[in-house]
Amino acid sequence: IRVKNRWWEDKDRKVRIRIPEDYVWKEVDLDLKAANGLVESLKAKELSVIVGAASLEMTGKVEAEISEWSLGAGSIDVKQLASDDISVQCAAGEVLLGLDGEEEDYFLDGEVSAGSLSLGNNCWDGVGQDVQYGNKNAKHRIDAECSAGNIEIIMNHDTMNHENKNGGIHHE
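Let me begin by describing the structure that accompanies this report. (Residues numbered from 1 in each chain as written. Predicted model: local features only at pLDDT ≥ 70, side-chain atom pairs only at ≥ 80, totals over all residues. Heavy atoms only, no water.)

Moving on to a negative patch on the surface. Negative charge collects at one region of the surface, where Glu27, Asp29, Glu46, Glu68, Asp84 and Asp85 lie side by side. For the negative patch, the secondary-structure elements that each account for two or more residues are strand 1 (25–32) and strand 3 (42–82). As for its position among the elements, Glu27 is in strand 1. On the accessibility criterion, Glu27 (47% relative accessible area) is partly exposed. (Patch = residues over 30% accessible without salt bridge, like charges linked within 9 Å, V, L, I, M, F, W, Y side chains within 5 Å. Areas by Shrake-Rupley, 256 points an atom, 1.4 Å probe, with all protein chains shown as cover. Salt bridge = Lys/Arg side-chain N within 4 Å of Asp/Glu carboxyl O. Lys, Arg positive; Asp, Glu negative; His and termini not counted. Charge placed at Lys NZ, Arg CZ, Asp CG, Glu CD. Helix = DSSP H or I, 4+ residues; strand = E, 2+ residues; numbered from the N terminus. Buried < 20%, exposed > 50% of the residue type's maximum accessible area, 1.4 Å probe, protein only.)

Right, let's get into the nonpolar core. Core analysis: the largest hydrophobic core is formed by 37 residues, its most contacted members being Trp69, Leu99, Leu117, Ile142 and Ile151. For this core, the elements supplying multiple residues, two or more each, are strand 1, strand 3, strand 4 (85–90), strand 5 (94–99), strand 6 (106–112), strand 7 (116–119), strand 10 (140–146) and strand 11 (150–155). Top element by residues in this core is strand 3. It accounts for 15 residues. Discounting chain neighbours no more than four positions away, the residues touching Ile151 are Val88, Cys90, Val95, Ser116, Leu117, Ser118, Ala144, Glu145 and Cys146. (Core = buried A, V, L, I, M, F, W, Y, C linked by side-chain atoms within 4.5 Å. Contact = heavy atoms within 4.5 Å.)

For Asp29, the position within the fold is in strand 1. Owing to a relative accessible area of 57%, Asp29 belongs among the exposed residues under this scheme.

What follows is the structure in structure tokens.
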């Protein structure tokens, strides 16, 4: 499904696509250049999301064996993500991922240029940090690259504590 819109011609245009709840896509490529997107739930083998100068909110459960997230400037907010292999890049803006499971179920391999990266209660920010955190043999892997924005990864049981970002362990 491909939808093109010229914002200057139709600023109030909305596209609604309804898919059966149990449908599993083989591959989904979602590319929002300068639009706002809302996805309730999604199941796919492979998921690729590119957000330019826009925002994307995923309010329901997102399931994908492999998921790739790329943000130029704007925001990506995923309430509940279940994925074995996660890749996230943030140039500027904010990416928030709420993950299923426990922190011990994930291995984080990341790089922070001038932004911040957090997983659970651990935060790495500042200039030029390489991050390797967790059990390298964990079932789930997260590759994260943050240039000048913020990547915040929380465990779903921590969602209630999301407002208290500054608590926890700070790494510089």
